[in-house]
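Examining the three-dimensional arrangement
Each chain, letter by letter, is given below.
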Amino acid sequence: MVLILTFMLFMTIFLIVIDFFSILFRLTGMPMKKARFQVISLLTSTGFTTKESEIIVQNPLRRKFASWLMILSYVSTATFISLKLFCYFFENLPVLPYR
């Protein structure tokens, strides 16, 4: 049950981050659909090389947002895996009697 709750929590945070950074890219002048697509590709580390990604690299503010997203992606992946393992191992431990 804990694994399902942690997964749901991370998915909710992931979707909030996508919306937040899509709005930030939108404020720098990108269309919303392109901004959302680029944010998702940055967070999932897919790295599409298109003319849309060149738009991000050419703007210094967008480049800073993109670097934050890449760092956030790696940190969140490591955190999710470690939390999942933590919950799995401690959920299945036998209960020892208290003395």
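Counting starts from 1 at the beginning of each chain's written sequence and moves along it residue by residue. Residues qualify for local features only when their pLDDT is at least 70, as the model is predicted, and side-chain atom pairs are given and counted only at 80 or more; totals for whole chains, interfaces and linings, by contrast, use all residues. Hydrogen atoms and water are omitted, and side-chain values are computed over all heavy atoms in the structure.

1. A closer look at the environment of S53
Summarising the element assignment, S53 is placed in helix α3 (residues 51-58). Buried means the residue's accessible area, taken with a 1.4 Å probe over protein chains only, is under 20% of the maximum for its type, while exposed means over 50%, and partly exposed covers the values in between. Residue S53 is classed as buried on the basis of its relative accessible area of 16%. For the pair formed by S53 and Q38, sequence separation is 15 residues and the distance between their alpha carbons is 7.0 Å. Here a helix means four or more residues in a row that DSSP labels H or I, a strand means two or more in a row labelled E, and each is numbered from the N terminus.

2. Points about the side chain of T28
Take T28: it is sitting in the loop between α1 (2-27) and α2 (32-43). When sequence neighbours within four positions are dropped, the list of residues in contact with T28 reads N59, L61, R62 and F65. Between two residues, a contact is recorded if the distance between any of their heavy atoms is within 4.5 Å.

3. Looking at α2
One turn of the α-helix equals 3.6 residues, which is why residues spaced by three or four share an orientation. A helix is expected to span 1.5 Å multiplied by its residue count minus one. With 12 residues, α2 should cover 16 Å at 1.5 Å per step; its first-to-last C-alpha distance of 16 Å lies within 8% of that length. When α2 is considered as a whole, its buried residues turn out to be A35, Q38, V39, S41, L42 and L43. Of the residues one or two after α2, S45 is the one with positive phi, at around 60 degrees.

4. Digging into the packing of aromatic side chains
Pairing of aromatic rings covers Phe, Tyr and Trp, the last counted by its six-membered ring, and requires centre-to-centre distances within 6.5 Å; plane angles under 30 degrees mean stacked, over 60 mean edge-to-face, and any other angle means tilted. Under the counting rule described, the total for this entry stands at five aromatic pairs. Seen from their ring centres, F20 and F21 are 5.4 Å apart, and the 85 degrees between their planes marks the pair as edge-to-face. F20 gets classed as partly exposed once you look at its relative accessible area, which sits at 48%. When the ring of F21 is compared with that of F65, the centres are 6.3 Å apart and the planes differ by 75 degrees; the resulting orientation is edge-to-face. In this pair, F21 sits in helix α1 while F65 sits in helix α4 (residues 60-91), placing the two residues 44 residues apart along the sequence. The burial state of F21 is the same as that of F65; both residues are buried.

5. Thoughts on the pattern of salt bridges
Take a side-chain nitrogen of Lys or Arg and a carboxyl oxygen of Asp or Glu: if they are within 4 Å of each other, that pair is a salt bridge. Evaluation of the coordinates by the stated rule reveals one salt bridge. R36 is paired through a salt bridge with D19; the nearest N and O atoms lie 2.9 Å apart. Within this pair, whereas R36 is found in helix α2, its partner D19 is found in helix α1, the two being separated by 17 residues in sequence. For R36, a relative accessible area of 33% puts it in the partly exposed group.

6. Things to note about the nonpolar core
Only buried residues count toward a nonpolar core. Its members are Ala, Val, Leu, Ile, Met, Phe, Trp, Tyr and Cys residues joined through side-chain atoms within 4.5 Å. With 14 residues, the main nonpolar core has F21, F25, V39, L43 and L69 as its most contacted residues. If you list the elements that add at least two residues to this core, you get α1, α2 and α4. Sort the elements by how many residues they give to this core and α1 lands first, with five residues. Apart from the residues lying within four places of it in its own chain, the contact partners of L69 are V17, F21, F25, V39, L42 and L43.

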